[in-house]
Amino acid sequence: MRVPTMILLAIDTSGSGCFAAIHDSAGDVTLGMAGEDIGRGHAERLMDFIDQALANAGIEMGAVDRIAVTVGPGSFTGIRVGVAAARGLSLALGVPSVGISTLAAIAAGYRQGRPTSPVFVAMDAKRGEAYCQAFSADGAPIGEAAVLSLDEAKAAAHAAGGAIVGSASVLLGAGDEGGAGAAVAIDAVARLGVLADPRADRPKPLYLRGPDAKPQAGFAIARA
Amino acid sequence: MSSHLTILGIETSCDETAAAVVVRDEAGQGTILGDVVLSQLDEHSAYGGVVPEIAARAHVEALDDLIRQALAKANMTLADIDAIAATSGPGLIGGLIVGLMTGKAIARATAKPLYAVNHLEGHALTARLTDKLDFPYLMLLVSGGHTQLVLVRGVGEYERWGTTIDDALGEAFDKTAKLLGLPYPGGPAVERAAASGNADRFSFPRPLVGEKRLDFSFSGLKTAVRQAAQSIAPVSRQDVADICASFQKAVSRTLQDRIGRGLERFRQEFPDVSQPALVVAGGVAANKVLRATLQELCDRNRFRFVAPPLALCTDNAAMIAWAGLERMAAGLAADELSVSPRSRWPLDADAAAILGSGKRGAKA
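Conventions used here
Residues numbered from 1 in each chain as written. Chains lettered and ligands numbered in written order. Predicted model: local features only at pLDDT ≥ 70, side-chain atom pairs only at ≥ 80, totals over all residues. Heavy atoms only, no water. Pairing = 2+ DSSP bridges. Helix = DSSP H or I, 4+ residues; strand = E, 2+ residues; numbered from the N terminus. Axes fitted to C-alpha atoms, helices over the stretch in contact; angles between N-to-C directions. Contact = heavy atoms within 4.5 Å. pLDDT = per-residue confidence, 0-100. UniProt positions renumbered as here; feature names shortened; annotations may be inferred. Buried area = accessible area lost by both parts, 1.4 Å probe. Salt bridge = Lys/Arg side-chain N within 4 Å of Asp/Glu carboxyl O. Nonpolar A, V, L, I, M, F, W, Y, C, P; charged D, E, K, R; others polar. Disulfide = S-S within 2.5 Å. 1 Å grid on protein atoms, 1.4 Å probe; cavity = no way out; pocket = protein on both sides within 12 Å on 5 of 7 lines; lining within 4 Å. Buried < 20%, exposed > 50% of the residue type's maximum accessible area, 1.4 Å probe, protein only. Points joined across faces, edges and corners; volume = space filled by probe spheres on them.

A short note on the sheet that holds strand 3 (residues 29-37) of chain A
Residues and elements named next belong to chain A.
Right, on to step 1. Strand order in this open sheet of 5 strands is 3-2-1-4-5, and the pairing throughout is mixed. Every interior strand has two partners, whereas the edge strands, strand 3 and strand 5 (97-101), have only one. Going across the sheet, the axis of each strand differs from the next one's by a mean of 20°, ignoring polarity.
Right, on to step 2. With 5 bridges joining them, strand 4 (residues 66-72) and strand 5 adopt parallel strand pairing. From the neighbouring strand, V69 faces strand 5, where its bridge partner is G99.
Right, on to step 3. Helix 1 (residues 42-57) contacts strand 1 (7-12), strand 2 (17-24) and strand 3 of the sheet and is inclined by roughly 150° relative to strand 3.
Right, on to step 4. Packed on one face of the sheet, helix 2 (residues 76-93) meets strand 1, strand 4 and strand 5 and runs near 160° to strand 4.

As structure tokens, this is what we get:
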């Protein structure tokens, strides 16, 4: 596949980490990155990490050709921090922004050292569920990302074959091999961002869960 | 003293996504060049109120396009803008994050200053955009989230004279509507029903009436409405109309008493202000009965009653842009890009907390 030439800013705020990286697709190298596992406070720290990544790369903001951001599944609030920032930067810089699924980023990170390996990504979604998606030996996603009960996820992982990776891999009975791809790696987000179609929709959160609100009923007084 | 300034304003603190471009000329006159608001009313109506997660989801998918639209209406690009003003509180945190992060990103990419604006300050200063009002004046904010009487002394100088100790007035309207099976939002629905009702049929309590402090309370009224409705259930169409009319009358009387005392206090504290003014803001300001009450109260006390156009009374981004312009013109510092969104942020930072004082600070 021909890789387009660009300087890409990658952003990930979908989990407890808050990361930014500047990637040069021509050399397939990360020129500079910054970030930490901060737990919370993404809205406060993100712009500083972007500045640090630019400084580490020796690049001005104006040289960025594209922005890639993780869209989830993950922390709803964290996802919105990154997506809002990416869309704002895209608007102001006049460059495209693309959304990258965290499941795809985890799969790509794991496959970086094992390029022919099929992989089943399972992220801990709490409440006895996991965010899941299978990827084939050539890295293509098999079916849509979904939130599954742990039993359903186990069955899906078994059916898909390949390694089980991600933060829920141990919950699904996988061994330590899952640890290698447990979290989103910012360079994997960048590489997927280079290959993403910039004409596709702007980054949009991938929640996989509803907003958890029920229409109210039975509250009103009886009407004659 | 100040130059011609243009600001992009962003507002996402509740259920309206909004963007606006406003200019302020050398003489301090403001002009709205582009002002767009996307209401999420339909998304929330089934729930009888604003659902925070639904609101946050809608903001993040709509905001950048609204900013483009506001710029296009103003016939401008970001290159023509001097600064960005975004609401950073108080309000629903999910929405605040979206607006503030978008504002930070635009500020960073264009190397322009960011003003993190208090939503209440936007309401407080609107009358200077619409009516060129001079300081000091009194502002009554009555909406679904706030019920406050605020002394506006100057840009950044606010004194909260009264606030609700429980429900906001708009919330009381919404809850009354919900109880009576009227649609959301409750304000217009209750007002419509009340038009054909007998306001004297029920005698509802007028909380805190007669008390010297200027605070408000509406939860007892809500309970009284529920008890009255239950006692005559099942309720007919006329019953509903009568309850609504009686409810509105009780609210009207409460405001008369509370605000009347506020006007007196203003007179005492500022005897030299020749033409004192009361400004009303917030969605409840659309209610004609309450508006008439306030107008009459102001007439009687020789206060000027200022009610900006409804679109500028309810949540909008022009008021946020204007608040940013006022701060800029007053020489107040812009904010760092590490500034936090704040779900709670009293306009008057020195006021004692009346409602809630956990780690997020006073709610009101």
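Read on, since the account is not over.
Focus on the confidence of the model for chain B
A low pLDDT score tells you not to read the predicted coordinates there in detail.
Right, on to step 1. The predicted model of chain B averages 93 in pLDDT, with 95% of residues at 70 or higher.
Right, on to step 2. Scored as a whole, the predicted complex attains pTM 0.94, and scored at its interfaces, ipTM 0.96.

Things to note about the side chain of S25 of chain A
Right, on to step 1. Inspection of the secondary structure puts S25 of chain A in the loop between strand 2 and strand 3.
Right, on to step 2. Ignoring any residue separated from it by four or fewer positions in sequence, one finds S25 of chain A in contact with V3, P4, T5, M6 and V194 of chain A.

Looking at the UniProt feature "domain: Gcp-like" (unreviewed entry) in chain B
Right, on to step 1. According to UniProt, the positions carrying the feature "domain: Gcp-like" (unreviewed entry) are residues 31-322 of chain B.
Right, on to step 2. The span residues 31-322 of chain B carries 50% helix and 17% strand; its end-to-end C-alpha distance comes to 9 Å.

Regarding the interface of chain A and chain B
Quite often, the size of an interface is put as the accessible area lost when its parts meet.
Right, on to step 1. Of the residues lining the interface, 37 residues belong to chain A; the matching set on chain B comes to 44 residues.
Right, on to step 2. Overall, the association of chain A and chain B removes approximately 3500 Å² of surface from exposure, summing both partners, and the carbon and sulfur fraction of that is 65%.
Right, on to step 3. Where chain A touches chain B, the interface holds 6 salt bridges.
Right, on to step 4. A salt bridge links R87 of chain A to D64 of chain B; the shortest N-O distance between them is 2.9 Å.
Right, on to step 5. Secondary structure elements with two or more residues in the side of chain A that touches chain B: helix 1 and helix 2 of chain A.
Right, on to step 6. In terms of residue count, the dominant contributor to the side of chain A that touches chain B is helix 2 of chain A (13 residues).
Right, on to step 7. Classifying every residue of the side of chain A that touches chain B by side-chain character gives 24 nonpolar, 4 polar and 9 charged.

Looking at the state of the cysteines
Right, on to step 1. Across all of its chains, the model carries 0 disulfides over all chains by this definition.
Right, on to step 2. The cysteine C313 of chain B is free of any disulfide, with C298 of chain B supplying the nearest cysteine sulfur at 13 Å.

A few points about unusual backbone geometry
Right, on to step 1. Each neighbour pair has its own omega, and for G89 of chain B with P90 of chain B the value is -15°, a cis peptide bond.
Right, on to step 2. When you line up the elements, P90 of chain B lands in the loop between strand 4 (83-89) and helix 3 (93-110).
Right, on to step 3. Between F135 of chain B and P136 of chain B the backbone carries a cis peptide bond, its omega angle lying at -10°.
Right, on to step 4. Tracing the backbone through its elements, the reader meets P136 of chain B in the loop between helix 4 (119-131) and strand 6 (137-142).
Right, on to step 5. Phi is positive for R127 of chain A, which is not a glycine, with a value near 50°.
Right, on to step 6. Mapped onto the elements, R127 of chain A comes out in the loop between strand 6 (119-124) and strand 7 (129-135).
Right, on to step 7. Phi is positive for L208 of chain A, which is not a glycine, with a value near 65°.

Re the UniProt feature "binding site: substrate" (unreviewed entry) in chain B
All names here are of chain B.
Right, on to step 1. In this numbering, the UniProt entry assigns the feature "binding site: substrate" (unreviewed entry) to L141, V142, S143, G144, G145, D174, G187, E191 and N287. Residues from the named set that contribute to the lining of the largest cavity are V142 and N287.
Right, on to step 2. Summarising the element assignment, V142 is placed in strand 6.
Right, on to step 3. According to the relative accessible area criterion, V142 is buried, its value standing at 3%.
Right, on to step 4. V142 has contacts with T147, L169, V280, A281, G282, G283, V284 and A285, leaving out every residue within four places of it along the chain.
Right, on to step 5. Topologically, G144 is positioned in the loop between strand 6 and strand 7 (147-154).
Right, on to step 6. Residue G144 is classed as partly exposed on the basis of its relative accessible area of 46%.

A few points about the layout of surface pockets
All names here are of chain A.
Right, on to step 1. Size it by volume and the second largest pocket reaches roughly 1100 Å³.
Right, on to step 2. Looking at the second largest pocket, it is lined by 36 residues, and the ones nearest its centre are I100, A104, L192, L195 and A196.
Right, on to step 3. Every element with two or more residues in the lining of the second largest pocket is listed here: strand 5, helix 3 (102-111), strand 7, strand 8 (141-149) and helix 5 (186-195).
Right, on to step 4. For the lining of the second largest pocket, the element with the highest residue contribution is helix 5, accounting for 5 residues.
Right, on to step 5. Residue classes in the lining of the second largest pocket are distributed as 19 nonpolar, 8 polar and 9 charged.

Details of empty space enclosed by the protein
All names here are of chain B.
Right, on to step 1. Evaluation of the coordinates by the stated rule reveals 3 cavities of 30 Å³ or more.
Right, on to step 2. Roughly 40 Å³ of volume is contained in the largest cavity.
Right, on to step 3. For the lining of the largest cavity, the element with the most residues is helix 9 (residues 288-300), which contributes 3 residues.
Right, on to step 4. In terms of residue class, the lining of the largest cavity is made up of 8 nonpolar, 1 polar and 1 charged.

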